[in-house]
Amino acid sequence: MYETVYHGFLLACMIVTAALILLCLIRAVLGPRITDRVIAVNMIGTMTIVEIAMFALYLRESYLFDVCLIYSMISFLAVVVLTKIYGGAYQERKIKGTPFLQIEDEEEQEEEE
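Counting of residues starts from 1 at the beginning of each chain's written sequence and follows it residue by residue. With pLDDT at 70 or above as the cut-off, local features in this predicted model cover only qualifying residues; side-chain atom pairs require 80 or more to be listed or tallied, and sums for whole chains, interfaces and linings still use all residues. The side-chain values count all of the structure's non-hydrogen atoms but skip hydrogen atoms and water molecules.

1. Let's talk about the overall build of the protein chain
We count it as follows: Helical segments are the DSSP runs of H or I of at least four residues, strand segments are the runs of E of at least two, and each set is numbered from the N terminus. The cut-offs for exposure are 20% and 50% of the maximum accessible area for each residue type, with area from a 1.4 Å probe on protein chains only; residues under the lower value are buried, those over the upper are exposed, and the others partly exposed. Here a residue-residue contact requires only that any non-hydrogen atoms of the pair lie within 4.5 Å. What sets the accessible areas is the Shrake-Rupley method with a 1.4 Å probe; for residues, cover comes only from the shown protein chains.
On a plain count of helices and strands, the protein chain comes out with 4 helices and 0 strands. Counting every position in the protein chain, which comprises 113 residues, the buried fraction comes to 23%. Within the protein chain, contacts between residues separated by at least 24 positions form 49% of all contacts whose residues are at least 6 apart in sequence. Within the structure as shown, the protein chain displays about 8,400 Å² of accessible surface, and the carbon and sulfur contribution to it stands at 70%.

2. With respect to helix α1 (residues 2–30)
Condition: Multiplying one less than the number of residues by 1.5 Å gives the expected span of a helix.
The end-to-end C-alpha distance of α1, which contains 29 residues, comes to 42 Å, matching closely the 42 Å that a straight helix rising 1.5 Å per residue would cover. Looking at α1, one finds that the buried residues are L10, M14, T17, I21, C24 and A28. Of the residues trailing α1, G31 is marked for its positive phi of about 85 degrees.

3. Structural notes on the pattern of salt bridges
The condition that has to hold: The term salt bridge refers to a side-chain nitrogen of Lys or Arg lying within 4 Å of a carboxyl oxygen of Asp or Glu.
By the definition in use, this model includes 2 salt bridges. The salt bridge involving R60 is made with E3; its shortest N-O contact spans 2.0 Å. Separated by 57 residues along the polypeptide, R60 in the loop between α2 (34–59) and α3 (63–96) and E3 in helix α1 bring together distant segments of the chain. Here R33 and D36 are joined by a salt bridge, their closest N and O atoms 3.9 Å apart. Exposure remark for R33: the relative accessible area of 39% places this residue in the partly exposed category.

4. Quick word on α2
With 26 residues, α2 ought to run about 38 Å at 1.5 Å a step, and its terminal C-alpha atoms sit 37 Å apart, in line with that. All of the buried residues in α2 are D36, V38, A40, I44, G45, M47, T48, I49, E51, I52, M54 and A56. Of the residues flanking the end of α2, it is R60, one or two places downstream, whose phi is positive at about 60 degrees.

5. Focus on a nonpolar patch on the surface
Which entries qualify depends on this criterion: Note on patches: the residues involved have over 30% relative accessible area and no salt bridge, like charges join within 9 Å, and the nonpolar side chains Val, Leu, Ile, Met, Phe, Trp and Tyr join within 5 Å.
Side chains of V16, L20, L22, L23, L25, I26, V29 and L30 sit close together on the surface and give an oily, nonpolar patch of about 780 Å² of accessible area. You can call L22 exposed: its relative accessible area is 54%.

6. Focus: the side chain of S75
Considering the arrangement of structural elements, one finds S75 in helix α3. The residues touching S75, leaving out its near neighbours within four places in the chain, are G45 and T46.

7. As for the confidence of the model for the protein chain
Operational definition: As a per-residue measure, pLDDT tells how confident the predictor is, with possible values from 0 to 100.
Scored by pLDDT, the protein chain comes out at a mean of 84, with 85% of its residues at no less than 70. When pLDDT is averaged over each helix and strand of the protein chain, the minimum, 57, is found for helix α4 (residues 100–112) and the maximum, 93, for α1.

8. Describing the packing of α2 against α3
Put simply, the rule is: Fitting a line to C-alpha atoms yields each axis, with helices limited to the stretch in contact; the angle taken between N-to-C directions then spans 0 to 180 degrees. If an angle is under 35 degrees, it is roughly parallel; if it is over 145, roughly antiparallel; if it lies from 65 to 115, roughly perpendicular; otherwise it is oblique. Amino acid classes used here: Ala, Val, Leu, Ile, Met, Phe, Trp, Tyr, Cys and Pro are nonpolar; Asp, Glu, Lys and Arg are charged; the rest, including Gly, are polar.
Two numbers describe how α2 lies on α3: the axes approach to 9 Å, and their chain directions differ by 180 degrees. Comparing their axes, α3 and α2 come out roughly antiparallel. For the contact of α2 with α3, the class distribution of residues is 18 nonpolar, 8 polar and no charged.

Spelled out as C-alpha cells, the structure:
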C-alpha cells in the first residue's frame, strides 16, 4: 500500500516539475530582459536535475544519480558562461558610453512596434 502511494506521489511531483520546466522555458524565450533569461535557464537546469533524481527514485536505478551530478556540473558551467557573456556585453557597451539600460529600453520599444 505504501509503495503505491509513494510511486503515485513521485509521479505527481514529476508531472508538476515538468510543467514548471515548461513555464520557465516560456520565461526564457519571452524575457523581457537578459537577466530573466539567464535565471530561467538556471531554473530549468536545476529542475531538470530534480526531475532526473525523482526518476531515479521511481525506477530504483542508482546510476541516474551519477547523471544528476554530471548534469549539475554542466548546468553550472552553462550559467557561468552565460553570465560571462552578459558581463562582457555590458562592459563593451559601457566602454562605448551608451548606458546599458538605455539600450535595453530601446530594444524593448523596437520589439513592441
